[in-house]
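# A structural walkthrough
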Amino acid sequence: MTYIPPIVRRQVGERAQHLCEYCRFPELVSIFPHEVDHVVATKHKGETTFENLALSCFHCNRHKGSDLTSIDDQTGDIIPLYNPRKDVWSEHFRLKDASIEGITAQGRVTVELLHFNDPDQVSQRAALITVGRYS
């Protein structure tokens, strides 16, 4: 695991407003602390720089791993995953009830690979929506 200085961890969290930059789950209510993810993994020559780091919940980070792409079920094409440093969340995803839908190929592969809509994830998101802690 790559060492990330505490000040950089704090800056990444502040930039993300303490929300997972993939599924938007708030760190404040997470069982496990959010983690700093290399958007482009070091094994793919991604650097440990502020510009290549994202705040990720435990669930998203474990499913993403070092992946950069996945296969779109609709087209069979290899598609890059959502990149929180380059992409705008609302251009690739939308919230429908408590599920997150991918509205582009990039959104679809990210939703599937990171398991945004596992039953526990949807249930937690629904509870947070009810109390105004997720939007």
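Refer to the preceding data block for the structure.
The present account deals with the structure reproduced in this document. As the structure is a computational prediction, the values presented were derived from the model and not from experiment.

## Examining the overall build of the chain
Counting its secondary structure elements, the chain contains 5 helices and 6 strands. Scaling as 2.2 N^0.38, a compact globule of 135 residues should have a C-alpha radius of gyration of about 14 Å, and the chain matches this with 14 Å. Taken along the three principal axes of its C-alpha coordinates, the chain extends 40 × 40 × 20 Å. A total of 135 residues make up the chain; the buried ones form 40% of that total.

## Some thoughts on the nonpolar core
Generally speaking, nonpolar side chains in soluble globular proteins are found buried as a group. Counting 21 residues, the largest nonpolar core has Cys20, Tyr22, Cys23, Cys60, Phe93, Ile100 and Phe116 as its most contacted members. For this core, the element with the highest residue contribution is helix H4 (residues 105-113), accounting for 3 residues. Leaving out residues up to four positions away in the same chain, Phe116 has contacts with Tyr22, Cys23, Cys60, Phe93, Ile100, Thr110, Val111, Gln121 and Arg125. Listed in part, the 7 residues of the second largest apolar core include Ile4, Val8, Leu53 and Leu55.

## Topic: the pairing of strand E1 (residues 35-38)
Of the two faces of E1, the one holding Glu35 and Asp37 and the one holding Val36 and His38 are both buried throughout. Across 4 bridges, E1 lies against strand E2 (residues 53-56) in antiparallel orientation. Residue Val36 lies in a different strand from E2, and its bridge partner there is Leu55.

## A word on the packing of aromatic side chains
What the rule picks out here adds up to 5 aromatic pairs. Seen from their ring centres, Tyr22 and Tyr82 are 6.4 Å apart, and the 80° between their planes marks the pair as edge-to-face. Here Tyr82 lies in the loop between strand E4 (78-80) and helix H3 (89-92) and Tyr22 lies in the loop between helix H1 (6-15) and E1, a separation of 60 residues in the sequence. Each member of the pair Tyr22 and Tyr82 is classed as buried. Between Phe93 and Phe116 the ring centres are 5.7 Å apart and the planes differ by 50°, which places this aromatic pair in the tilted class. Note that Phe93 is positioned in strand E5 (residues 93-96) and Phe116 in the loop between H4 and helix H5 (119-130), a separation of 23 residues in sequence. Here Phe93 matches Phe116 in class, with each residue buried. Of the aromatic side chains, those joined through ring pairs into one cluster are Tyr22, Tyr82, Trp89, Phe93 and Phe116. Between Arg15 and the ring centre of Phe50, over which it is positioned, the NZ or CZ distance is 3.9 Å.

Definitions and limits used
Once a new chain begins, its residue numbering starts again from 1 and follows that chain's sequence as written. Residue-level local features of this predicted model are given only where pLDDT is at least 70; pairs of side-chain atoms are given and counted only at 80 or more, and the full residue set underlies all totals for whole chains, interfaces and linings. Values shown for side chains rest on all heavy atoms present in the structure; no hydrogens or waters enter the calculation. Going along the chain from the N terminus, every DSSP run of H or I of four or more residues is numbered as a helix, and every run of E of two or more is numbered as a strand. Between the two quantities, the radius of gyration covers C-alpha atoms and the globule rule is 2.2 Å times the number of residues to the power 0.38. Only protein chains enter the accessibility calculation, which uses a 1.4 Å probe. A residue is then buried if its area is under 20% of the maximum for its type, exposed if over 50%, and partly exposed in between. Residues enter a nonpolar core if they are buried and are Ala, Val, Leu, Ile, Met, Phe, Trp, Tyr or Cys, with the set joined through side-chain atoms within 4.5 Å. For this analysis, residues touch if any pair of their heavy atoms sits within 4.5 Å. A pair of strands is labelled paired if DSSP reports no fewer than 2 bridges between them. Pairs were defined over the aromatic rings of Phe, Tyr and Trp, the Trp ring being its six-membered one, requiring ring centres within 6.5 Å. Orientation was assigned from the angle between planes: stacked under 30 degrees, edge-to-face over 60, tilted for the rest. Two thresholds decide whether a charge sits over a ring: the Lys NZ or Arg CZ must be within 6 Å of the ring centre and within 35 degrees of the ring normal.

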